Amino acid sequence: MTRASALSVKQISKHYQDGSRQINVISDLSFNVAAGESLSVMGPSGSGKSTLLNLLAGLLELDSGDITLALKDESFSYRTANERSRTMLRRQHIGYVYQFFNLVPTLTVLENVRLPARLNNRRDLERHASTLLGEFGLSDRLNDFPNRLSGGEQQRVAVARALLLKPPLLLADEPTGNLDAENSSHVADLLFSSCREQNISLVLATHSNEVAAMADTQLQLDRQSP
Ligand code: ADP
Ligand code: MG
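Residues numbered from 1 in each chain as written. Chains lettered and ligands numbered in written order. Predicted model: local features only at pLDDT ≥ 70, side-chain atom pairs only at ≥ 80, totals over all residues. Heavy atoms only, no water.

**Structural notes on the pairing of strand β4 (residues 64-70)**
Next up, step 1: Both strand β1 (residues 5-18) and β4 contribute to a ladder of five bridges, which runs antiparallel. In the sheet register, S13 faces β4, and the bridge partner there is S64.
Next up, step 2: Across three bridges, β4 lies against strand β5 (residues 75-77) in antiparallel orientation. When the sheet's bridge partners are listed, A70 is paired in β5 with S75.
Next up, step 3: A loop of four residues connects β4 with β5, the two strands running antiparallel in sequence. (Pairing = 2+ DSSP bridges. Helix = DSSP H or I, 4+ residues; strand = E, 2+ residues; numbered from the N terminus.)

**A short note on the site of ligand 1**
Next up, step 1: Neighbouring residues of ligand 1: Y16, V25, P44, S45, G46, S47, G48, K49, S50, T51 and Q224.
Next up, step 2: Side-chain polar atom of K49 to an oxygen atom of ligand 1: 2.8 Å apart, as the coordinates give it.
Next up, step 3: Side-chain polar atom of T51 to an oxygen atom of ligand 1: 2.5 Å apart, as the coordinates give it.
Next up, step 4: Protein coverage of the free-state accessible area of ligand 1, which is 560 Å², stands at 60%. (Near = heavy atom within 4 Å. Polar contact = N/O pair within 3.5 Å; in protein donor to acceptor, adjacent residues only side chain to side chain. Areas by Shrake-Rupley, 256 points an atom, 1.4 Å probe, with all protein chains shown as cover.)

**Remarks on the packing of aromatic side chains**
Next up, step 1: The full count for this structure, using the stated rule, is two aromatic pairs.
Next up, step 2: Taking 5.6 Å as the distance between ring centres and 85° as the angle between the ring planes, the aromatic pair formed by F76 and Y78 counts as edge-to-face. For the pair shown, F76 and Y78 are each scored as buried.
Next up, step 3: Centre to centre, the rings of Y96 and Y98 are 4.5 Å apart; their planes meet at 5°, and the pair counts as stacked.
Next up, step 4: The exposure class of Y96 is buried, given its relative accessible area of 11%. (Phe/Tyr/Trp six-rings, centres within 6.5 Å; stacked < 30°, edge-to-face > 60°. Buried < 20%, exposed > 50% of the residue type's maximum accessible area, 1.4 Å probe, protein only.)

The following block contains the structure:
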């Protein structure tokens, strides 16, 4: 049985203008990711991995093509959405994990993970933050500030924060790129197993063959020809 696609990418293109030079980063790219399934994006530096994730996050505008994300009772089309509705989409329905964690340094671990609930007035989910942190082995770090934590611990906090709202889509941009082998496999395990269990579609950019192989599908981006 094939599952309906949660995320559908149809013939998208994106270029940057660098003075008089046009850099075509994404050209006519299409793929689908079902709910609970994962896609890894590989490719050398500069091949457009972050650009693709930023398009999926609605941070950048498409040149052409469309991305649609299935929400509970509607299908969100990026092409026709304005910046404000893409911002709302990102805040409510997309989790994002970055290579350098991007935790708020002035908030504690628990406050960082609660933040998406606060921003969305979801008081019901605030208690879930400490449950998640417990599941990720961080129950004794709730009141610490991020700079007291190791890189692996900080990234587990960032994964918990991205999962808090149980978004239909989770994006991860080289989430293990700054971790040693042991922490890398721990964080990758958490990402893949949490998304699978909660029916979240995961798109993950990585340089690691091991991490990429954990995904259901692999996508290879190539360096742009000059
Ligand atoms: P990756 O994440 O695979 O390293 P990026 O998506 O960051 O690749 O970048 C893809 C290409 O687009 C690179 O050549 C990069 O220099 C260029 N690029 C990225 N962002 C911009 C920008 N804001 N303006 C101009 N060029 C950019
Ligand atoms: Mg990148």
